[in-house]
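# Observations on the model geometry
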Amino acid sequence: MVSQVIQTRGLNLSLQGNQVLHNIDITTYSGQICAFIGENGAGKTSTIRCITGLYPPTAGGCTMFGEPAYNMSQKNRNRFGIVFDEGGLYGEMSAWENVLFFARLRGMDKDKINERFNRLVQHFELKTALKVSRFSKGMKQKLMIIRELVHEPELLILDEPFNGLDPDSKIFLRDKLSEICSRQGTSILISSHDLFDLEKIADQVVMIHQGRIVANQALEEITGITERYIVTCNSPHQVASILQDIEGITVVNHDEHSVTFTVESEVIKQPLQILLKHNVEIQEFYKEKSSLEDFYRTTKQAAVQN
Ligand SMILES: Nc1ncnc2c1ncn2[C@@H]1O[C@H](COP(=O)(O)OP(=O)(O)OP(=O)(O)O)[C@@H](O)[C@H]1O
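Residues numbered from 1 in each chain as written. Predicted model: local features only at pLDDT ≥ 70, side-chain atom pairs only at ≥ 80, totals over all residues.

### Thoughts on the sheet that holds strand β10 (residues 212–218)
Taken in spatial order, the six strands of this open sheet run β6-β7-β8-β3-β9-β10, and their pairing is mixed. Each edge of the sheet is formed by a strand with only one pairing partner; in this case those strands are β6 (80–83) and β10. Across the sheet, the axes of successive neighbouring strands diverge by a mean angle of 15°, strand direction being ignored. Each of β3 (33–37), β9 (204–209) and β10 is contacted by helix α11 (residues 292–305), which is oriented at about 35° to β9, the strand it contacts most. (Pairing = 2+ DSSP bridges. Helix = DSSP H or I, 4+ residues; strand = E, 2+ residues; numbered from the N terminus. Axes fitted to C-alpha atoms, helices over the stretch in contact; angles between N-to-C directions. Contact = placed C-beta atoms within 7 Å.)

This is how it looks when you write it as structure tokens:
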């Protein structure tokens, strides 16, 4: 049965006299991956800090497992893991010592820690011979995730976990997160700018803009319903300016070769006819499912205009 894991209601946060979060309402669910997106400075990390009880909200509240986040019991604290970009690993210790130290703080038995550490190290293919200060960025990232998974949390919160990872490590981490979620039913809240990777694994997408939630939808709704059209032609800038003046058409982006646009199908029945009517010299014209990136761009555009 799907249950609520994180819930924020009317969450407001001011930092040094500056209101950074405005009435944030987010609910995440067990066994699902929630992607938390938004431009730099939008408020993702601040929201995560409130959710995990690091910042007390100025108004409103956050609960995790039904308990107020700011005064959470140790029992519930042990039910989640969190990976922040800045880390918090001890460079002079080995991978094992780092994991052991944090797991002991959570009250775990050494044999249990050892057994799970070995399994996770194998699972993440992490080489542990070197001291942590000699680890690469990707190795450190994997170790932080192992450290936060060793107590088998029901919820994993990751703030920009793909930062600085090479493509192989990124794909690897992305697929492992998806596997952990589907095999063990772990809920994941992941903030990231890597929309392409999020699109591969997310169930739910929450978007924040200037401290306000501007979208909260199932990924399926975002990428399944709208379709985008791509036209390659000699004068894409001119074509883009023609299209954006037509009711029912939204230009998603354009470059020196092509224009990408979406249409409201109730208003525009035959997009190709529109292009031909405007005497566009078409080289190619095709249709694709819209991406999370398209959604991000159009949602941001709408948020900026409001
Ligand atoms: N300690 C602080 N004191 C004052 N303002 C802060 C503090 N921390 C963050 N802010 C402000 O809060 C806003 C939200 O920042 P936050 O770090 O939550 O954004 P973010 O979405 O995580 O950004 P990024 O993608 O760049 O990591 C920004 O305007 C930032 O300047």
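### Quick notes on the sheet that holds strand β13 (residues 258–263)
One open sheet holds the four strands; their spatial order is β12-β13-β11-β14, and the pairing between them is antiparallel. Two strands close off the open sheet at either side, each with one partner strand: β12 (249–254) and β14 (282–289). Taking the axes of each pair of neighbouring strands and ignoring which way they run, one obtains an average angle of 25° across the sheet. Here five bridges tie β12 to β13, and the two strands are oriented antiparallel to one another. Paired with Thr 250 across the strands is Thr 262, a residue of β13. Here helix α9 (residues 236–244) sits on the sheet and contacts β11 (227–233), β12 and β13; the angle it forms with β12, its principal contact strand, is near 155°. Along the sheet, α11 makes contact with β11, β12 and β13, crossing β12 at roughly 115°.

### Structural notes on the site of the ligand
Taken together, Leu 15, Gln 16, Asn 18, Val 20, Gly 38, Asn 40, Gly 41, Ala 42, Gly 43, Lys 44, Thr 45 and Ser 46 form the complete shell of residues around the ligand. Secondary-structure elements contributing two or more residues to the shell around the ligand are β2 (18–29) and α1 (44–51). By residue class, the composition of the shell around the ligand is three nonpolar, eight polar and one charged. (Near = placed C-beta within 6 Å. Nonpolar A, V, L, I, M, F, W, Y, C, P; charged D, E, K, R; others polar.)

### Brief notes about α11
Its 14 residues place the ends of α11 20 Å apart at the C-alpha level, agreeing with the 20 Å of an ideal helix rising 1.5 Å per residue. Among all positions in α11, only Leu 292, Asp 294, Phe 295 and Tyr 296 are buried. (Expected span 1.5 Å × (residues − 1). Buried ≥ 20, exposed ≤ 12 C-beta atoms within 10 Å, placed from the backbone.)

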